[in-house]
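So you can see what is in the structure, the chains are spelled out below.
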Amino acid sequence: MYRRWSGAAGAVVLAVVLTGCCGETALDSDRKAAVPEASAESSPSAPTDPRPTEERAVLAAYEGMWRELAVAVQKPSEGGTRIEDYASGEALATVRRDVRTMREAGTRANGRLGHEPEVTKMDPGASPPTATVRDCVDLKDWETTRDGTPVPLPSGQPMRYRTTAQVEQWDDGRWRVITYTQHGEQAC
């Protein structure tokens, strides 16, 4: 059974995924703390990434969406984020709805989400080109709070669970997450 983020139920799942609080810090440092930057280019001291360029670009879009989402739920507001650079369609609508729900509920999230994303399918011949990403989200270092008090995870919520995302390459050459689905019942 799949669990898709939507409405109030999505806010609960989002609150679980994006657990944390404690005020606002500089956006750039929040982005780096929440999800590591992904780069399609290697530095001279970094090992060369053997994955194809397009696969690295897909993962950069996926990781960028999570990084910007983590910044948005710390405030909670998407203002000052670049979420539209990484997400569109259903994924962007879900992010906006869930950030709004967190704001209305008086919750905030902070910490560091663990990720293990991998591209499981590439279809460069599709119009537009598409890819599927599978991830294992780790909640160990992530917390949701209301008025500075931690909000506990729902009983039975695994600390590590699967997510999937559909990503498209647009005419400008950039990849964007179009949908993402949490499979909260699927531990990984």
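The structure we're discussing is the one just above.
What you see is a predicted model, and the numbers here were worked out from it, not measured in a lab.

What counts, and at which threshold
Residues numbered from 1 in each chain as written. Predicted model: local features only at pLDDT ≥ 70, side-chain atom pairs only at ≥ 80, totals over all residues. Heavy atoms only, no water. Core = buried A, V, L, I, M, F, W, Y, C linked by side-chain atoms within 4.5 Å. Buried < 20%, exposed > 50% of the residue type's maximum accessible area, 1.4 Å probe, protein only. Helix = DSSP H or I, 4+ residues; strand = E, 2+ residues; numbered from the N terminus. Axes fitted to C-alpha atoms, helices over the stretch in contact; angles between N-to-C directions. Parallel < 35°, antiparallel > 145°, perpendicular 65-115°, else oblique. Left-handed = near helix turned anticlockwise from the far one by under 90°. Contact = heavy atoms within 4.5 Å. Nonpolar A, V, L, I, M, F, W, Y, C, P; charged D, E, K, R; others polar. Phe/Tyr/Trp six-rings, centres within 6.5 Å; stacked < 30°, edge-to-face > 60°. Lys NZ or Arg CZ within 6 Å of the ring centre and 35° of its normal. Disulfide = S-S within 2.5 Å. Pairing = 2+ DSSP bridges.

### Some remarks on the nonpolar core
Okay, so step 1: Counting residues in hydrophobic clusters, the biggest one holds 32 residues, and the most contacted among them are M65, L69, V133, V177 and Y180.
Okay, so step 2: At the level of secondary structure, the elements contributing two or more residues to this core comprise α3 (53-74), α4 (89-105), β1 (107-114), β3 (130-146), β5 (160-169) and β6 (175-187).
Okay, so step 3: Here the element with the most residues in this core is α3; it accounts for ten residues.

### Overview of the packing of α3 against α4
A packed helix pair is summarised by two numbers, namely the angle formed by the two axes and the spacing between the axes.
Okay, so step 1: Interhelical geometry of α3 versus α4 gives an angle of 25° and a closest axis separation of 9 Å. With respect to α4, the element α3 is oriented roughly parallel. Once α3 is placed against α4, the crossing between them reads as right-handed. Along its contact with α3, which presents L69, A72 and V73, the element α4 presents V95, V99 and M102.
Okay, so step 2: Split into classes, the residues belonging to the contact of α3 with α4 amount to six nonpolar, no polar and no charged.

### Points about the packing of aromatic side chains
The relative placement of two aromatic rings is captured by the distance of their centres and the angle of their planes.
Okay, so step 1: Inspection of the entire model under this criterion finds two aromatic pairs.
Okay, so step 2: Their ring planes at 65° and their centres at 6.4 Å tell us that Y62 and W66 sit as a pair that is edge-to-face. In this pair, Y62 and W66 are both assigned in helix α3, four residues apart and thus about one turn of the helix distant.
Okay, so step 3: Exposure remark for Y62: the relative accessible area of 1% places this residue in the buried category.
Okay, so step 4: Three or more aromatic residues joined by ring pairs make a cluster, and in this case those are Y62, W66 and Y180.
Okay, so step 5: Sitting above the plane of the Y86 ring, R67 keeps its charged end 5.5 Å from the centroid.
Okay, so step 6: Against the face of Y86 rests R174, its NZ or CZ located 6.0 Å from the ring centre.

### Observations regarding the environment of T130
Okay, so step 1: Relative to the helices and strands, T130 is located in strand β3.
Okay, so step 2: In this structure the C-alpha to C-alpha distance between T130 and W175, which are 45 residues apart in sequence, comes to 8.6 Å.
Okay, so step 3: Dropping the residues within four chain positions of it, T130 is found in contact with K121, M122, D123, V167, E168 and W175.

### Structural notes on the state of the cysteines
Okay, so step 1: Here the structure, examined in full by the defined rule, presents one disulfide.
Okay, so step 2: Bridging C136 to C188, the disulfide has an S-S length of 1.9 Å. Here the S-S torsion is close to 90°, and the disulfide linking C136 with C188 is therefore right-handed. Taken together, the positions of C136 in strand β3 and C188 in the segment after β6 put the pair 52 residues apart, joining distant regions of the chain.

### Quick look at the side chain of S88
Okay, so step 1: When you line up the elements, S88 lands in the loop between α3 and α4.
Okay, so step 2: Contacts of S88, omitting those with residues within four sequence positions, involve W170, R176, V177 and I178.

### Points about the pairing of strand β2 (residues 118-123)
Okay, so step 1: Taken together, the five bridges between β2 and β3 define a ladder with antiparallel strand orientation. Bridged to E118 within β3 is R134.
Okay, so step 2: Between β2 and the antiparallel strand that follows it, β3, lie six residues.

### Description of the pairing of β3
If a strand is regular, its side chains alternate between the two faces of the sheet.
Okay, so step 1: As judged from the seven bridges shared by β1 and β3, these two strands associate in the antiparallel manner. Following the sheet pairing, G114 is matched in β3 by D138.
Okay, so step 2: Of the strand pairs in this sheet, β3 and β5 are connected by nine bridges, and their pairing is antiparallel. From the neighbouring strand, R134 faces β5, where its bridge partner is T164.
Okay, so step 3: Both β3 and strand β4 (residues 149-150) contribute to a ladder of two bridges, which runs antiparallel. Across the sheet, the residue bridging to T145 is P150, located in β4.

Function-wise, these values are silent; they only describe arrangement.
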